[in-house]
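Observations on chain architecture
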Amino acid sequence: MIKASNDGNAGVSAGLASDKPALSMWRRDAARPAAGTAALRLLQSLLVFLALPLLIGCGRRSIGAPSKTTPVILISIDTLRSDHLPAYGYKGVATPNIDALRADSILYERAYSHVPLTLPSHVTILTGMLPADTGVRDNIGNRLSESIPILPELLKKNGYATGAAVSAFVLRHETGVARGFDFFEDSTTAMDTSTLVLGRIQRIGGETLRAVQPWLDKQGAQPFFLFLHLYDPHTPYEPPEPYFSKYPDHYDGEIAYSDSVVGALIDDLKKKDLYDKSLIILLSDHGEGLNEHGEEEHGMFLYREALQVPLLVKLPNSRRGGASVKTPVQLVDVFPTILERTETPEPKTGRRTGQSLLTFLDGGPTRSIYSETYYPRFHFGWSDMESLIEGNDHFIRAPLPELFNLAADPGEKKNLVQENRRAYVRMKSTIEPFIKEAVAPSGFDPEEAAKLAALGYVGSTVATQEGKALPDPKTTIGTLHEIRLAFTLFEDKNYPESLRRTNDLLAANGQIVDLWDMKSKILWAMGQRAASIEAAKEGLRRNTGAIALIFDVAQLSLAAGDLEAAQKHAEIAVKIEPGEAHEILSRIWVQRQDSGRAEQEAKLAMQTVNDPTTELMILAGVEMDRKNYQKALDYLDQAAARVGKRSPPKLVTLHLTRGDALARLGRGEEAEREFRAEISDFPADARAYSSLIMLLVSEHRTDEATRVVFDTVKAAPYPHSYVVIAETLKAIGDDRGAMFWTSQGLQRFPQDPELRGLPKRMAEMTQKLRSNLQ
């Protein structure tokens, strides 16, 4: 009997073993063993050679043929750890929709991200290139170069309609990720207008799906590519009910809510008869620390919990559904997978190391999977980190290097650098070609750099100081917790204590950009405007590439009335963040009463800003100044339509300005409704009360106007409210009423400077009115 050969061709040997006549013949030839052995080997080789094409063909048929007509849906659930999904064995959350998708999909047990940050990771997914090759290595100050091919652009050239909706500000179209999309919806709002964290500028997944639904509904015979980005498992963990109450661990609650959004999309695809024929890929861009190594969120470290992500690939007709792949794969593999399955030509430029995920269905080579984070370096002046995964070995390059065995120690608690020197030396050498030195992102060209220098910001960031030893983030994690505490105190409006802790942290390390940003905002909230602007400027002097601090100076200078300083700083930022920069410039020209320049800048901002509501309001104000009230109302209607999609659907001065436009058009009843709507939304803002009082008086409804006066001081018992009432009554000719409310205000707030200066301003108003009458 012939045994299985050592080269792994057991199937062929087994077939020969059942061929009894052949075996008898070989036994009779035992006297000529050499010739018999050679002949046997020749026959085996021939059969193997003939069988290989059949085996390969069988594998290809099992996944189906590529097609240019296959719909492609890419679902990214931000910040989702694979080990928090039931599909990967987790028991703490129910995800019936993802579970059902998993049953129809190939599950990759070990998929890894290349960077634990939202923008760089999604750029990698959409370009198939590592962050070091795209140049996008942080969430801010980066823009994808137009010379780098991106997935929607390539699919569009191949005949695809392309649409996307994203849930986070960091993926707004200004970053370059929208290139190639026919439809790209990125409207997001800050969950708190005083927020210091870009991650808080987001929207819930259901709103994002609703935003892209009209585009999806229009898709017909043409193949399409849909990119849906959900941000819910990202902090803050505040899932909507019933998930908030159902899950004490609100991170899991966010996952459960995300699952419901995925379910809604899949149900819609099935109703449209698109599910079976589609290629659907569900993944995450990175994981979440959850304090397993001292990091609550992500970005600082490169441990498994931050890098390992879920990855499901559903082929058309659910081919190979339920299969699992143990071979480690990486997010750069998604790009060539989609190109292969849609018969889209690969780009001829750029360095790409990924392979089609389907290559690994039956095993495949073990590769070196590279990851990095420059977040600690760019934001805190600490060392960057790089890592390499090869099989079960995970090496983390840092001032204090680490080596873990992922099979024996998936929690990465035991550092094997000393015990396994051979693997450490090998991986330390292997990782070096992957590493490309990075400078803090800014995007400044020499002209902008010269402008910064002219304003006194001369120097370099920590990231550009070659040869300087930077601390390992593992040794500074306590400082990170102190920063988080100072931030929490700021959010809780405990400004003195937040400022004290921030000052202590800056005294220890003045290079932490985010702390200068926070100090500036704390001082502004405390009413110390000059000190607030100076804090932002000092941070900028220490970190000249910090785009956030440039905007701080521009915004705060504008609010303080220093229009020249605001303009100079905004102009520097135009090439990096054109939307926000043009928006600030537009507001500057409004203050300078140059309606033409204000209109020009607002329209420039609308070309790139992710939500043009502010620009629409500015353009409405411009038309109001020009007395083009109907045109102003048209802009306001557009703004109202956008605000109506928000949660809550409110915007300061929207109803007030609409009411003003309607009143000037002689539509008093509608104007009154708008003024009352503004009061309902913002009862502590006295301006709408003032407009309503004037409208009622103009309609000879004096008693109602008087009641509104008393409503004002009841709802907004502040010094400025008394000023607004007095000036309103003065404007309508009620001098006695104006004097009475000025007196009332001074009795209640005798030290308020605005109220103390009111009698003089009232006298000046009287003199001006008399001059006009003469």
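Notes on the structure follow. (Residues numbered from 1 in each chain as written. Predicted model: local features only at pLDDT ≥ 70, side-chain atom pairs only at ≥ 80, totals over all residues. Heavy atoms only, no water.)

1. Comments concerning the packing of aromatic side chains
Stated precisely, the cut-off is as follows: Aromatic contacts are taken between Phe, Tyr and Trp rings whose centres are within 6.5 Å, Trp giving its six-membered ring; a plane angle under 30 degrees counts as stacked, one over 60 as edge-to-face, and the others as tilted. Think of it in three bands: residues with accessible area under 20% of the maximum for their type are buried, residues over 50% are exposed, and the middle band is partly exposed, with areas taken using a 1.4 Å probe on protein chains only. The numbering of helices and of strands both runs from the N terminus, where a helix is a DSSP run of H or I of at least 4 residues and a strand a run of E of at least 2. Either the NZ atom of lysine or the CZ atom of arginine qualifies as a charge over a ring when it sits within 6 Å of the ring centre and within 35 degrees of the ring normal.
Per the stated rule, a full pass over the model turns up 18 aromatic pairs. Consider the rings of Trp215 and Phe224, whose centres lie 6.1 Å apart with planes at 85 degrees: the pair is edge-to-face. We classify Phe224 as buried; its relative accessible area is 2%. Aromatic pair Tyr303 and Phe404: ring centres 6.1 Å apart, planes at 65 degrees, arrangement edge-to-face. Taken together, the residues span a long stretch of sequence, with Tyr303 in the loop between strand 9 (279–283) and helix 11 (304–307) and Phe404 in strand 17 (residues 402–405) at a distance of 101 residues. Each member of the pair Tyr303 and Phe404 is classed as buried. These aromatic residues form a ring-pair network of at least three members: Phe710, Tyr722, Phe740, Trp741 and Phe749. The positively charged end of Arg172 is found above the aromatic ring belonging to Phe169, 4.0 Å away from the centroid. Across from the ring centre of Tyr275, 4.8 Å away, lies the NZ or CZ of Lys314, which sits over that ring.

2. Points about the environment of Val622
By the secondary structure assignment, Val622 is in helix 24 (residues 613–625). What makes Val622 buried here is its relative accessible area of 3%.

3. Focus: unusual backbone geometry
Cis geometry is found at the peptide bond from Thr235 to Pro236, where omega equals -5 degrees. For Pro236, the location among the structural elements is in the loop between strand 8 (224–230) and helix 9 (243–246). Glu241 connects to Pro242 through a cis peptide bond whose omega is 5 degrees. One can find Pro242 in the loop between strand 8 and helix 9. A positive phi angle, close to 65 degrees, is found at Thr79, a residue other than glycine. Relative to the elements of secondary structure, Thr79 occurs in the loop between strand 1 (72–77) and helix 4 (96–103). For Thr79, a relative accessible area of 0% puts it in the buried group.

4. Looking at the sheet that holds strand 9
Working definition: the strands of a sheet are paired by backbone hydrogen bonds and lie parallel or antiparallel to each other. So the rule is basically this: One requirement defines pairing of two strands: DSSP has to find at least two bridges between them.
Strand order in the open sheet made by the 8 strands is 5-4-8-1-9-11-2-12, with mixed pairing throughout. Strand pairing shows two members of the sheet lacking a second neighbour, strand 5 (183–185) and strand 12 (324–325), which therefore form its edges. Where strand 1 meets strand 8, 6 bridges bridge the pair, whose relative direction is parallel. Paired with Ile77 across the strands is Leu230, a residue of strand 8.

5. Some details on the environment of Thr359
The criterion, for reference: The definition of a polar contact used here is a pair of N or O atoms within 3.5 Å, where within protein one atom must be able to donate a hydrogen and the other to accept one, and adjacent residues in sequence count solely through side-chain atom pairs.
Mapped onto the secondary structure, Thr359 falls in the loop between helix 12 (334–341) and strand 14 (368–373). Taking the C-alpha atoms as reference, Thr359 lies 9.0 Å from Thr337; in sequence the two are 22 residues apart. Polar contacts involving the side chain of Thr359 include one to the main-chain carbonyl oxygen of Ser356, which spans 2.9 Å.

6. Examining the side chain of Ser387
This is how the line gets drawn: What makes two residues a contact is simply this: any of their non-hydrogen atoms within 4.5 Å.
You can see Ser387 is positioned in strand 15 (residues 385–390). Polar contacts involving the side chain of Ser387 include one to the side chain of His394, which spans 3.3 Å. In this view, Ser387 contacts Leu302, Leu307, Ile369, Tyr370, Ser371, His394, Phe395, Ile396 and Ile431; residues no more than four positions away in its chain are not counted.

7. Digging into the sheet that holds strand 17
To keep things clear, this is the line we draw: Structural elements are reduced to axes, namely lines fitted to C-alpha atoms, with helices fitted over the stretch in contact, and the angle between N-to-C directions of any two is expressed from 0 to 180 degrees.
Taken in spatial order, the 4 strands of this open sheet run 14-15-16-17, and their pairing is antiparallel. Both edges of this open sheet fall to strand 14 and strand 17, since each of them pairs with a single strand only. Across this sheet, the average inter-strand angle for adjacent strands is 15 degrees, counted without regard to direction. Pairing between strand 16 (residues 393–397) and strand 17: 4 bridges, direction antiparallel.

Function cannot be read off these values alone, since they describe shape.
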